Amino acid sequence: MQKYVVGFLFSEDRKHVALILKDHPAWQAGKLNGIGGKIEADETPLAAMVREFKEEADLDIPPQNWVEKIQLSDPGNVRVHFFAAVSDNVFQVRSMTREPVSVFSVAEVLAGEHPALPNLKWLIPMSLEDS
């Protein structure tokens, strides 16, 4: 099974979120998504989330700040662990790969004002829930 992590880092007021503009895989190209990647063989999902966020957005978000919100699997052998964290350090993200990382207004993303993956319309609100 292929395992991945995706994280949403929100501002303290929950009005902004860091997202990445994907150029691969092809079905995500040109769309915004949460920041993440593949879980390595020797990693927990949480350790992968911390590592991937540092690699792609140049921010060290401590493990205790990340909360796993949901796991989604498909019959095609893929599992994705979705995490959320809150920190005003979100405004310090910077792109570390060819896929640009930026901070966006949550309201604008949910209103469709940015080219986001369709599932962000429910993943972002779900990630903002405290329970």
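The model shown is predicted, which means the values in this text are computed figures rather than measured ones. (Residues numbered from 1 in each chain as written. Predicted model: local features only at pLDDT ≥ 70, side-chain atom pairs only at ≥ 80, totals over all residues. Heavy atoms only, no water.)

Draft legend 1. Up close: the nonpolar core. Membership of the largest hydrophobic core comes to 19 residues, with the highest contact counts inside it found for Leu9, Ala18, Ile35, Phe53, Ile61, Trp66 and Val93. Looking at this core element by element, the count peaks at five residues for helix H1 (residues 45–57). Within the second largest apolar cluster, 18 residues are counted, among which are Leu19, Phe82, Ala84 and Leu123. (Core = buried A, V, L, I, M, F, W, Y, C linked by side-chain atoms within 4.5 Å. Buried < 20%, exposed > 50% of the residue type's maximum accessible area, 1.4 Å probe, protein only. Helix = DSSP H or I, 4+ residues; strand = E, 2+ residues; numbered from the N terminus.)

Draft legend 2. Just the pattern of salt bridges, in detail. All chains considered together, the criterion is met by nine salt bridges. A salt bridge links arginine 51 to glutamate 55, with the nearest nitrogen and oxygen atoms 3.1 Å apart. Linking arginine 51 with glutamate 55, this pair stays in helix H1, spanning four residues, or about one helical turn. By relative accessible area, which is 40% here, glutamate 55 ends up partly exposed. Aspartate 60 is the salt-bridge partner of lysine 54, the closest N and O atoms lying 3.7 Å from each other. Through salt bridges with shared partners, one network takes in Glu40, Glu43, Arg51, Glu52 and Glu55. (Salt bridge = Lys/Arg side-chain N within 4 Å of Asp/Glu carboxyl O.)

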